[in-house]
Amino acid sequence: MTLRWRLLALAMLCLLSVRAAEASLLSQQYTTSWASPGFFPLNVVQVYVRGVQNEAGRQASFDYAAYLAEQVRQRLSAGGMTVAGSGDANAVVVDVSIHLYQEGSAFGRWLAPGAGASYAVVQAHFRKGGQAAGADLLTVSVIGSGGLFSAGGEKTVLEDAADEIVAFLQAKARK
Amino acid sequence: MTGARKLLWPLVAILWLAGCATPVPPNEPTDMVPRSLSARMPASVDVFVDKVVVDSAAKNGETPFEQMTGKFPFVQPQGLDNYRQGIRLTLQAAGARTSAERTPDADVLRTTILGGMSIPYAEAYSVLFVHYELEDGRNGKVLWSKTVYSQARLDNVQNQAAEKPVANPAYGRLAAANLRQMTDSLAAWLAKSNPRKDSGN
């Protein structure tokens, strides 16, 4: 390899490193949630996750509705709550809907912030078994930029939503 | 570099910042009324639509993009008033009477905007999350409540940064979708279990 090519390769490497550092410095990731006021049962112990309804209707490289349901159940178990197999009168029934989902791509975010944004808008409705009234939680998770360090963002936004849902239940369980 | 070129980038930066800081005017109340409503309210129902309030979390700017752009129209004072008028017009369109003042004969509809934000990426969306409660005007008891989520795709996002920003039609659609769900749910409840049905009011 001639010196000229070596220098060119070094320059490209430097450029890529700078771009990667810039992308990580400009990393933009957030999750925000809102909960409705109103009735909520005390002493949450058993939780029945009825499933996740996919209203986003968008194709992705994996079954993101199933992935979210699995993440919620895993976190509930890890948090010491019993995941019930049915929604009887003792259980809190959780209905989850994915309203918006975009898989995005870390490469796209690396090329231009926002270009490959991953985001999920998820709503959870909580009610005690056999009752119609309950509470709602809406979460919005976005990874707008962050470059190649944000690889896996398509799952991170769902995991963040699962965290919010479980944190909401845990806060109720402590009361 | 010539003098004109030296001025170009600061000028671009100032225009960009000015665009970001320009709030979008709130939509007119009529923009918020759903075009066709299947729900019909019982003729006897009389509702006083109370002031629309913003939940404290949303008010404190905890939604990052709302805070950054200041463009979300429903949390501006004029936007809240327009939303209230939009509720009144929607209820009237569905056949309800709406009282101008609070009286024991009218039930009170309380509205809390829990959150709303725009997700301004390749396909920009705006989302709105609102909690509605109907309170018995005689005793203050909550009779019915519903939390409604709605979404709308934003179009002409860039136009909002223009010198004279216009209300984005998407925000009107966003409110209309929310009000339609609220009206459907309230009408269904009133048809089934309105306590005033039996009391002759």
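Residue positions within a chain follow its written sequence, with the count starting from 1. Here chains are named by letter from A upward and ligands by number from 1 upward, in the order in which they appear as written. Given that the model is predicted, a residue must reach a pLDDT of at least 70 before its local features are reported, and side-chain atom pairs must reach 80 or more before they are shown or counted; all residues, however, enter totals for whole chains, interfaces and linings.

Turning to the overall build of chain B, a few remarks are in order. Along the backbone of chain B there are six helices and five strands. Order of helices (α) and strands (β) in chain B, N terminus to C terminus: α-β-α-α-α-β-β-β-β-α-α. We call a residue exposed when 12 or fewer other C-beta atoms sit within 10 Å of its C-beta, buried when the count reaches 20 or more, and partly exposed for counts in between; the C-beta positions come from the backbone. Looking at chain B residue by residue over its 201 residues, the buried ones come to 40%. We call two residues in contact when their backbone-placed C-beta atoms lie within 7 Å. Summarising the internal contacts of chain B: among those between residues at least 6 apart in sequence, 77% fall at separations of at least 24. Here a helix means four or more residues in a row that DSSP labels H or I, a strand means two or more in a row labelled E, and each is numbered from the N terminus.

Our focus in this paragraph is the environment of leucine 76 of chain A. Residues and elements named next belong to chain A. Inspection of the secondary structure assignment puts leucine 76 in helix α2 (residues 64-78). Owing to 24 C-beta atoms within 10 Å, leucine 76 belongs among the buried residues under this scheme. On a C-alpha basis, the gap between leucine 76 and tyrosine 48 in space is 10.0 Å, while along the polypeptide they are 28 residues apart. Excluding residues that lie within four positions of it along the chain, leucine 76 makes contacts with Val47, Met81, Val83 and Val166.

Residues and elements named next belong to chain B. In this description, strands pair whenever DSSP reports at least two bridges between them. Spatially, five strands are ordered β2-β1-β3-β4-β5 in an open sheet, and the strand pairing comes out mixed. Looking at strand neighbours, the two that pair on one side only are β2 (97-99) and β5 (142-153), the edges of this open sheet. On average, each strand axis in the sheet is tilted by 30 degrees relative to the strand beside it, whichever way the strands run. By the bridge criterion, six bridges tie strand β1 (residues 46-54) to strand β3 (residues 107-119) in an arrangement that is parallel. Bridging from a neighbouring strand, valine 54 pairs with isoleucine 113 of β3. Along the sheet, helix α4 (residues 77-93) makes contact with β1, β2 and β3, crossing β1 at roughly 155 degrees. With axes taken as lines fitted to C-alpha atoms, and helix axes fitted only over the stretch in contact, angles between N-to-C directions fall between 0 and 180 degrees. The sheet strands contacting helix α5 (residues 169-193) are β4 (125-135) and β5, and the helix crosses β5 at an angle near 150 degrees.

The next thing to look at is the sheet that holds strand β6 (residues 134-145) of chain A. Residue and element names in this part refer to chain A. Pairing within the open sheet is mixed, and its six strands lie in the order β1-β6-β5-β4-β2-β3. Two strands lie at the open edges of the sheet, namely β1 (28-35) and β3 (82-83), each paired on one side alone. Relative to strand β5 (residues 118-128), strand β4 (residues 92-102) runs antiparallel, the two being bridged by 10 bridges. The residue of β5 that forms the bridge with valine 93 is arginine 127. Sheet strands in contact with α2 are β2 (46-54), β3, β4 and β5, and its direction is about 165 degrees off that of β2.

It is worth stressing that arrangement in space is one thing and function is another; only the former is reported here.
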